[in-house]
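If you want the building blocks of each chain, they are given just below.
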Amino acid sequence: MALPKVGSIGEYIREQRQQAKISLRQLAEQAGVSNPYLSQIERGLRKPSAEILNQIAKGLHISAQALYVQAGLIEDREPPSDVIAAIRADAFITGRQRQVLIDIYESFRKENRPTEGPDDADDESPLPEELLSAIEAVTSSNGTRHQSTQEG
């Protein structure tokens, strides 16, 4: 599953904001930009600078790189990951939880990329302590833990 094709950076920002379930006003406040300016960006009337994109990415709790790629400021060097696309599309987790999962996934890929091929990976190695801490912080800040149950 590839990332959805979006016509402009403004549409992409609007889509991410709606997935995060935050209002235009809330994002403008979190990103430190004016409400009318953010509205103009979303409608394609203004092209934001890299600095503004960075502020918006922080407000959305997504990767600034994703916005830079979408805006055409940098090239996407790796093909999009189906795993990352699935995480971004999941409406049942918060924006912060999405970003933590993406960070964890990308750290595993980065860790395995330089020296190991896919057949050489050690599936039994423990998670790094900082990733365990990040997972614990997200699950405890959410206030609920999901437990799987099996029926029948």
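Residues numbered from 1 in each chain as written. Predicted model: local features only at pLDDT ≥ 70, side-chain atom pairs only at ≥ 80, totals over all residues. Heavy atoms only, no water.

What about the overall build of the protein chain?
This is how it is decided: Under the scheme used here, helices are H or I runs from DSSP no shorter than 4 residues and strands are E runs no shorter than 2 residues, and both carry numbers assigned from the N terminus. Remark: exposure states derive from per-residue accessible area (1.4 Å probe, protein chains only) relative to the maximum for the residue type, with buried under 20%, exposed over 50%, and partly exposed in between. By definition, residues are in contact when any of their heavy atoms lie within 4.5 Å. Only the protein chains shown count as cover for residues, and all accessible areas are computed by the Shrake-Rupley method using a 1.4 Å probe.
A tally of helices and strands in the protein chain yields 8 helices and 0 strands. Traced from its N-terminal end to its C-terminal end, the protein chain shows the element sequence α-α-α-α-α-α-α-α. Relative to its 152 residues, the protein chain shows a buried fraction of 28%. Contacts in the protein chain between residues at least 24 apart in sequence constitute 51% of all its contacts with a sequence separation of at least 6. Here the protein chain displays about 10,500 Å² of accessible surface, and carbon together with sulfur accounts for 50% of that area.

Describing the nonpolar core
Within soluble globular proteins, side chains that are nonpolar generally end up buried alongside one another. Rules: Definition used in this section: a nonpolar core is a set of buried Ala, Val, Leu, Ile, Met, Phe, Trp, Tyr and Cys residues joined via side-chain atoms within 4.5 Å.
Counting 21 residues, the largest nonpolar core has Ile13, Ile56 and Leu67 as the members making the most contacts within it. If we skip the residues at most four places from it in the chain, Leu67 touches Ile9, Tyr12, Ile13, Leu53, Ile56, Ala57 and Ile62.

Notes on the pattern of salt bridges
Between side chains of opposite charge, pairing is possible as soon as their charged atoms come close. To keep things clear, this is the line we draw: Salt bridges are defined as contacts in which a side-chain nitrogen from Lys or Arg sits within 4 Å of a carboxyl oxygen from Asp or Glu.
Applying the stated criterion across every chain yields a total of 2 salt bridges. Between Glu42 and Arg14 there is a salt bridge, with its nearest N and O atoms 3.5 Å apart. You can see Glu42 sitting in helix H3 (residues 35-42) and its partner Arg14 sitting in helix H1 (residues 9-19), a full 28 residues away along the chain. The partner of Arg17 in a salt bridge is Glu42, and the shortest N-O contact between them spans 2.7 Å. Of this pair, Arg17 sits in helix H1 while Glu42 sits in helix H3, and the two are 25 residues apart along the sequence. The pair Arg17 / Glu42 is uniform in exposure class, with both members buried. What you see here is one network of salt bridges that share partners, running through Arg14, Arg17 and Glu42.

Details of unusual backbone geometry
Although it is not a glycine, Lys21 adopts a positive phi angle of roughly 60°. With respect to the helices and strands, the residue Lys21 is situated in the loop between H1 and helix H2 (24-31). Positive phi outside glycine occurs at His61, with the angle close to 60°. Topologically, His61 is positioned in the loop between helix H4 (50-60) and helix H5 (64-71).

Let's talk about the packing of H1 against H3
This is how it is decided: Axis definition: a line fit to C-alpha positions, over the contact stretch in the case of helices; interaxial angles, taken between N-to-C directions, run 0 to 180 degrees. Working definition: roughly parallel below 35 degrees, roughly antiparallel above 145 degrees, roughly perpendicular at 65 to 115 degrees, and oblique for all remaining angles. Residues are grouped as follows: Ala, Val, Leu, Ile, Met, Phe, Trp, Tyr, Cys and Pro are nonpolar; Asp, Glu, Lys and Arg are charged; every other residue, Gly included, is polar.
Where H1 contacts H3, the axes come no closer than 7 Å and their chain directions differ by 115°. Between H1 and H3, the angle is such that the two are roughly perpendicular. From H1, Gly10, Glu11, Ile13, Arg14 and Arg17 reach across to H3, where they touch Leu38, Ile41 and Glu42. Of the residues in the contact of H1 with H3, the class split is 3 nonpolar, 1 polar and 4 charged.

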